[in-house]
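One-letter residues, chain by chain:
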Amino acid sequence: MAHALSSSRPEAVVERIDGRAMARALSTETAARVEALCARTGHCPALAVILVGDDPASQVYVGRKVAECRKAGIRSVEHRLPADTGQDVLLDLIDRLNLDGAVDGILIQLPLPPQIDAGLVLDRIDPTKDVDGFHPVNVGRLSTGTGGLVPCTPLGVMKLLDSVVADYRGLDVVVIGKSNIVGKPVAMLLLEREATVTVTHIETRGLSDIARKADIIVAAAGVPHLVRGYWVKPGAIVVDVGITRVAEPDGSTRLVGDCATEELGHAGAVTPVPGGVGPMTIACLLSNTVTAAERARHE
Ligand code: GUN
């Protein structure tokens, strides 16, 4: 174990894992890879970002992704389509992007409008350009530990954990949430590191008792303040993936995670919301885009 679970740490001092700082460091590394690839091959990485409709949260996320790409030297090509876009139009666009040698990564912002079958659309992306890691080929590669592109949020969670955990072998990890985007893939990555992983969800009986046995909790249920102080054993590491906008009595809003962070003074380390997993997700998207570009050139 690295320091977060070591007995020499004063119990009362909880370490806040700084996702913003780690994301900056990763993006600096990615920018250096971009520069090196451009110099070696004359090809500079490009990410196609597709947004269908005008969901305000998706617009904010896409805006952030595009801005971060620019900072790292990755060219982003935005495709903003109206909310009533037909499935065939979207599939045609994906087919074109799959064939476009200048495009290394394709990201389709979710959720998609109801007339579009998200599964069908995600399956259409060339797995080598699937920087979200959602294509069944990449899901299969992750579950068999055979490479592929790894979904950005789980990859970010692992990088945050790696900053405080040196060796996962035999550690008890409880994942709360079973989504395809976070819960299931993060469980696969932790199994690969030989942790003992329990995947739970909002219907799990005795969830707080199960969580309390964990050395590491990954909370990804999307339920604000689900994980209370008594769910967490002293010294445990808590990664808070949840991010929900809640209304305050004065009419303002704020972002809250799945954990009641103010009750976690006895934890070994926690990730804040905001400023924890969120920035790492975007930094991992950039990193995946450059990985796809490097692999396409057999680097
Ligand atoms: N919507 C919410 N999370 C994600 C994500 O990780 N990728 C994409 N493409 N859309 C999302």
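Note that the coordinates shown come from a computational prediction; the quantities given were computed from them, not determined experimentally. Along each chain, the written sequence defines residue order, and numbers are assigned to residues from 1. Where totals are concerned, whole chains, interfaces and linings use all residues; where local detail is concerned, this predicted model gives features only for residues with pLDDT of at least 70, and gives and counts side-chain atom pairs only at 80 or more. Heavy atoms throughout the structure, all of them, feed into the side-chain values; hydrogens and water do not.

Tracing the backbone through its elements, the reader meets Ser208 in helix H8 (residues 207-212). In this view, Ser208 contacts Tyr230 and Trp231; residues no more than four positions away in its chain are not counted. A run of H or I in DSSP becomes a helix once it reaches four residues, and a run of E becomes a strand once it reaches two; helices and strands are each numbered from the N terminus. A contact between two residues is defined here by any heavy atoms of the two lying within 4.5 Å.

So, on to the pairing of strand E6 (residues 196-200). Each regular strand displays side chains that alternate between the two surfaces of the sheet. When DSSP locates at least two bridges between a pair of strands, those strands are taken to pair. Of the pairings in the sheet, the one linking strand E5 (residues 172-176) to E6 comprises five bridges and is parallel in character. When the bridges of E6 are listed, Val175 appears paired with Val199. Chirality of the crossover, the property in question, places the unit of E5, helix H7 (residues 183-192) and E6 among those that are right-handed. A clockwise path from the first strand over the helix to the second, with the strands pointing away from the viewer, defines a right-handed crossover.

The subject of this paragraph is the sheet that holds strand E7 (residues 216-219). Judged by pairing direction, the sheet is parallel, and its six strands sit side by side in the order E1-E11-E8-E7-E5-E6 without closing on themselves. At either margin of the open sheet sits one strand with a lone partner, and together these are strand E1 (15-16) and E6. Judged from the four bridges that link them, E7 and strand E8 (residues 237-240) form a sheet pairing that is parallel. Bridge pairing links Ala219 to Asp240 in E8.

Glancing now at the environment of Leu226. Relative to the helices and strands, Leu226 resides in the loop between E7 and E8. Linking Leu226 and Ile176, residues 50 residues apart in sequence, is a C-alpha distance of 9.8 Å. Apart from the residues lying within four places of it in its own chain, the contact partners of Leu226 are Ile176, Ile202, Ala221, Trp231 and Asp258.

We now examine the pattern of salt bridges. By convention in these notes, a salt bridge is any Lys or Arg side-chain nitrogen within 4 Å of a carboxyl oxygen on Asp or Glu. Tallied over the full model, the rule gives 11 salt bridges. Note that Arg33 and Glu294 form a salt bridge whose closest N and O atoms lie 2.9 Å from each other. Taken together, the residues span a long stretch of sequence, with Arg33 in helix H1 (residues 19-41) and Glu294 in helix H9 (residues 277-296) at a distance of 261 residues. In this scheme, a residue with accessible area under 20% of its type's maximum is buried, one over 50% is exposed, and one in between is partly exposed, where area comes from a 1.4 Å probe on protein chains only. A relative accessible area of 15% places Glu294 in the buried class. As a salt-bridge pair, Arg80 and Glu78 come within 2.7 Å of each other at their nearest N and O atoms. Judged by its relative accessible area of 36%, Glu78 is partly exposed.

Working convention: axes come from line fits to C-alpha atoms, limited for helices to the stretch in contact. Angles between N-to-C directions cover 0 to 180 degrees. The geometry of helix H2 (residues 56-72) relative to H9 is characterised by a closest axis approach of 10 Å and an angle of 55 degrees between their N-to-C directions. What the angle tells us is that H2 and H9 run oblique. H2 and H9 meet at a crossing whose hand is right-handed. Taken together, the residues of H9 that come into contact with H2 (itself represented by Arg64, Lys65, Glu68, Cys69 and Ala72) are Ile282, Leu285 and Leu286. Looking at the contact of H2 with H9 residue by residue, the classes come out as five nonpolar, no polar and three charged. In these notes the angle categories are as follows: under 35 degrees is roughly parallel, over 145 is roughly antiparallel, 65 to 115 is roughly perpendicular, and the rest is oblique. The hand of a helix crossing depends on one turn: near helix anticlockwise from the far one by less than a right angle means left-handed, and clockwise means right-handed. Three classes are used: nonpolar for Ala, Val, Leu, Ile, Met, Phe, Trp, Tyr, Cys and Pro, charged for Asp, Glu, Lys and Arg, and polar for all others, with Gly counted as polar.

The next thing to look at is the state of the cysteines. Note on terminology: pairs of cysteine sulfur atoms within 2.5 Å are recorded as disulfides. Under the counting rule described, the total for this entry stands at one disulfide. A sulfur-sulfur separation of 2.3 Å characterises the disulfide bridge that pairs Cys38 with Cys44. For Cys44, a relative accessible area of 37% gives the class partly exposed. With no disulfide partner, Cys69 has as its closest neighbouring cysteine sulfur the one in Cys152, 10 Å distant. Classification of Cys69 by relative accessible area gives buried; the value is 0%.

Going residue by residue along E8, you find Ile237 and Val239 tucked away on one face and Val238 and Asp240 tucked away on the opposite face as well. Pairing of E8 with strand E11 (residues 269-270) involves two bridges; the strand directions are parallel. The partner of Val238 across the bridge, within E11, is Val270.

The next subject is the site of the ligand. Whether a residue is near a molecule or strand depends on its heavy atoms: if one lies within 4 Å, it is near. Neighbouring the ligand are the residues Leu107, Ile108, Gln109, Leu110, Asp132 and Phe134. Any pair of nitrogen or oxygen atoms within 3.5 Å is treated as a polar contact; in protein, a donor-acceptor pairing is required on top of that, and neighbouring residues in sequence qualify only through side-chain atoms on both sides. Side-chain polar atom of Gln109 to a nitrogen atom of the ligand: 3.3 Å apart, as the coordinates give it. Note that a nitrogen atom of the ligand is positioned 2.6 Å from one of the side-chain N or O atoms of Asp132. Across the complex, the protein chains shield 80% of the 280 Å² of accessible surface that the ligand would expose by itself. Its residues assigned to classes, the shell around the ligand shows four nonpolar, one polar and one charged. Using a 1.4 Å probe, accessible areas were evaluated by the Shrake-Rupley method; residue-level cover was limited to the displayed protein chains.

Quick look at unusual backbone geometry now. Cis geometry marks the peptide bond from Leu110 to Pro111, where omega comes out at 5 degrees. For the peptide bond that leads from Val273 to Pro274, omega is -5 degrees, which places it in the cis range. With respect to the helices and strands, the residue Pro274 is situated in the loop between E11 and H9. Unlike most non-glycine residues, Glu194 shows phi in positive territory, near 70 degrees. Mapped onto the secondary structure, Glu194 falls in the loop between H7 and E6. If you check the backbone angles, His225 has positive phi at about 55 degrees while not being a glycine. Considering the arrangement of structural elements, one finds His225 in the loop between E7 and E8.

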